[in-house]
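Architecture and fold: a report
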Amino acid sequence: MMIRTGVMDLATGRILKLPTMVRDMTGASVPLPPLAPLQQLMLRDSLAEEDAGHHVEQVEIQFSAGVWRDGVPAAWRETVARTEVLGIAFLTDGGNPSGIEFVEPPAISTENELPESWESWLASDRKRSLLAAHGVPWRVTCWPAAGRMVWTFHHALLDGRSITRILQGFLARVAGE
């Protein structure tokens, strides 16, 4: 079944034609849900100034001593596998957001030593692009020896309620629940 959708470009007022179907991670065609106007606005802001860090959120977690081990990476991998939205990439057409596609999420990036200036690292990480073609708009960086994890993501992907639910599930998995 084909679903016809369109959304208005808030800057020009013209209707954008969106693809009607996308392929999920198994290769099956599924109907494409349209991007909400607020998602489009946030994505356009970010695409216009890719290194500005517009609409980028970060969650920093400091785990208690002894919690890290293999449990944290395994819990994150399971969380990603169980959370469909974490496999979504945003499509663009001529610099305009045009839809989504399902892609393979990345592995956790692991660092050995904490940066000299934590706040500078966080600020720099926020300014690194999250909107690569065919890539999810989030990344996770971990420092196992320090028990730290930073999840950086584009706000167009997740709202406050979604973030809370994902984190609750992740932390429950870390705790072995």
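No experiment lies behind these values; they were computed from the predicted model shown.

With that out of the way, let us pick up the overall build of the protein chain. Of the regular secondary structure elements, the protein chain holds 4 helices and 10 strands. Overall, the protein chain shows an N-to-C arrangement of helices and strands of β-β-β-β-α-β-α-β-β-β-α-β-β-α. By the burial criterion, 42% of the 177 residues in the protein chain qualify as buried. Nonlocal contacts in the protein chain, meaning residues at least 24 apart in sequence, comprise 64% of its contacts between residues at least 6 apart. When the accessible area of the protein chain is evaluated, it comes to approximately 10,000 Å², of which 51% is carbon and sulfur surface.

Turning our attention to the side chain of serine 46. Here serine 46 shows up in helix α1 (residues 37-48). Relative accessible area serves as the criterion here: at 6%, serine 46 is assigned to the buried category. Residues within four places of serine 46 in sequence aside, it is in contact with His54, His55, Leu131 and His154.

Looking now at a negative patch on the surface. There is a patch of like negative charges on the surface, built from Asp45, Glu49, Glu50 and Asp51. The topology assignment puts aspartate 51 in the loop between α1 and β5 (56-62). What makes aspartate 51 exposed here is its relative accessible area of 59%.

The rules behind the values
Residues numbered from 1 in each chain as written. Predicted model: local features only at pLDDT ≥ 70, side-chain atom pairs only at ≥ 80, totals over all residues. Heavy atoms only, no water. Helix = DSSP H or I, 4+ residues; strand = E, 2+ residues; numbered from the N terminus. Buried < 20%, exposed > 50% of the residue type's maximum accessible area, 1.4 Å probe, protein only. Contact = heavy atoms within 4.5 Å. Areas by Shrake-Rupley, 256 points an atom, 1.4 Å probe, with all protein chains shown as cover. Patch = residues over 30% accessible without salt bridge, like charges linked within 9 Å, V, L, I, M, F, W, Y side chains within 5 Å. Salt bridge = Lys/Arg side-chain N within 4 Å of Asp/Glu carboxyl O. Lys, Arg positive; Asp, Glu negative; His and termini not counted. Charge placed at Lys NZ, Arg CZ, Asp CG, Glu CD.

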